[in-house]
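# Per-entry structural report
The chain contents come next:
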Amino acid sequence: MRVDVVTLFPEMIASALDFSIMARARDTGAVQFGIHNPRDWTTDRHRIVDDTPYGGGAGMVLKPEPLVVCVEEVTTKTDAAVVFMTPQGAQLTQAHVRRFASLSQMVVLCGHYEGLDERVRQLLVTDEISIGDYVLTGGELPALVLIDAVVRLLRGVLGNETSALEDSFEAGLLEHPHYTRPPVFRGMAVPEELVEGDHAQVRRWRRKMSLARTLERRPDLLARVELDSYDRELLAEILAEE
Ligand code: ADE
C-alpha cells in the first residue's frame, strides 16, 4: 500500500515513521511512504501557502491552489482515499482503519492554522477523520495515529500474523490482561490458570477476562458484539462473582 502525507511539517512525519514497526513495514516493502510539502507546489517567490480569511477574523486559511495541485499529483491510484484530519471529522474507529488498510493508497492531509479553504474539501477530500473530541495544533499527530493503526494491519507487518486479529476492538471486545515472569512481583502473583493451566483452561480464562474487562470498562462494546452460549455462560459466572 502507498501512504502519502501532505504536510507543512514534513520532518515531523518523517521522523516518527522512521522507528519500530513503521520503519520495518517500509523496509520490507509492505508500505511505501511519501511525504509532501504543499510549499513545494507554490509558484510565487515567497512560497506562500496561507492567506487571510474572507469576511475577516483571526487566523489564516490554507490557500487552495498549492494544496489541490499537490494532492492531485500525489494521488496516483484509482481507489485512493484522500483523508483530511480535522476535529470536525468522523471519530476514527477500527472499522475505518480496516477500510483504509484494504485500499492501495491513502493520502492524508494535515490541516493547520484556522483550516483549509472549503473548496479543497469539496474537490478532493473523500473522508474527514478526527482522533477524538479535543483540539490539537495541527493534523500531523492525528495523521500519525491513523497511519500507525492502518499500517500495522497490512499483511506481514506484525510478526505474529494472528496478533492483530486478537487485538482489542478487532474482536469487538477489550483484550485480556498479560503477564510474564516473575511468577510473583511485589507480592502480586500471576493468575493460577495461566501458570498451571492447560491450553483449554488458558483460553477460557482469557476469554472470561476479556468479557469481564469489556463489561467493566466498555459496556457499550459488549452490547454490540455477538455472544455465543459459551460467552453467555462466562458472563453469568462474572456477574455471579461480583
Ligand atoms: N486536528 C486538530 N485536532 C484534531 C483532532 N482531534 N483530530 C484530527 N485532526 C485534528
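Anyway, here's the lowdown on the structure attached to this text. (Residues numbered from 1 in each chain as written. Predicted model: local features only at pLDDT ≥ 70, side-chain atom pairs only at ≥ 80, totals over all residues. Heavy atoms only, no water.)

This brings us to the site of the ligand. Around the ligand, the surrounding shell consists of Met-85, Thr-86, Pro-87, Ile-129, Ser-130, Ile-131, Gly-132, Tyr-134, Val-135, Leu-136, Gly-138 and Pro-142. In the model, a nitrogen atom of the ligand is placed 3.2 Å from a nitrogen or oxygen of the Thr-86 main chain. Within the backbone of Gly-132, a nitrogen or oxygen atom sits 3.2 Å from a nitrogen atom of the ligand. Across the complex, the protein chains shield 96% of the 260 Å² of accessible surface that the ligand would expose by itself. Elements supplying a minimum of two residues to the shell around the ligand: strand E5 (81-91) and strand E8 (127-130). (Near = heavy atom within 4 Å. Polar contact = N/O pair within 3.5 Å; in protein donor to acceptor, adjacent residues only side chain to side chain. Areas by Shrake-Rupley, 256 points an atom, 1.4 Å probe, with all protein chains shown as cover. Helix = DSSP H or I, 4+ residues; strand = E, 2+ residues; numbered from the N terminus.)

Turning our eyes to something else, we now look at the environment of Val-125. Note on placement: Val-125 falls in the loop between helix H5 (118-124) and E8. The class of Val-125 is buried, set by a relative accessible area of 16%. With 17 residues separating them in the primary sequence, Val-125 and Val-108 have C-alpha atoms 9.4 Å apart. Beyond its immediate stretch of four places on either side in the chain, Val-125 contacts Val-82, Phe-84, Leu-109 and Val-120. (Buried < 20%, exposed > 50% of the residue type's maximum accessible area, 1.4 Å probe, protein only. Contact = heavy atoms within 4.5 Å.)

Assignment of secondary structure puts Val-61 in strand E4 (residues 61-62). Linking Val-61 and Val-49, residues twelve residues apart in sequence, is a C-alpha distance of 8.5 Å. With residues near it in sequence (within four places) discarded, Val-61 still touches Val-49, Asp-50, Asp-51, Pro-53, Gly-115, Leu-116 and Asp-117.

This part takes up the sheet that holds strand E1 (residues 2-6). With parallel pairing, five strands are arranged side by side in an open sheet as E2-E1-E6-E5-E8. The sheet is open, and its two borders are formed by strand E2 (32-36) and E8, each paired with just one other strand. Direction aside, neighbouring strands of the sheet carry axes that sit 30 degrees apart on average. Bridge count for E1 against E2 is five bridges, and the pairing is parallel. Each residue of the ladder has a partner; that of Arg-2, found in E2, is Gln-32. Sheet contacts for helix H6 (residues 140-151): E1, E2, E5 and strand E6 (105-110); angle to E6, the most-contacted strand, approximately 160 degrees. (Pairing = 2+ DSSP bridges. Axes fitted to C-alpha atoms, helices over the stretch in contact; angles between N-to-C directions.)

Once that is clear, we can look at the nonpolar core. Counting residues in hydrophobic clusters, the biggest one holds 31 residues, and the most contacted among them are Phe-100, Met-106, Leu-146, Ile-147 and Val-151. Here the element with the most residues in this core is H6; it accounts for seven residues. Ignoring anything within four residues of it in the chain, the contact list for Ile-147 reads Val-3, Val-5, Leu-17, Met-22, Phe-33, Met-106 and Val-108. Core analysis: the next-biggest nonpolar cluster, separate from the first, contains 17 residues, Val-68, Leu-109, Leu-116 and Val-120 among them. (Core = buried A, V, L, I, M, F, W, Y, C linked by side-chain atoms within 4.5 Å.)

Coordinates in, geometry out; function isn't part of it.
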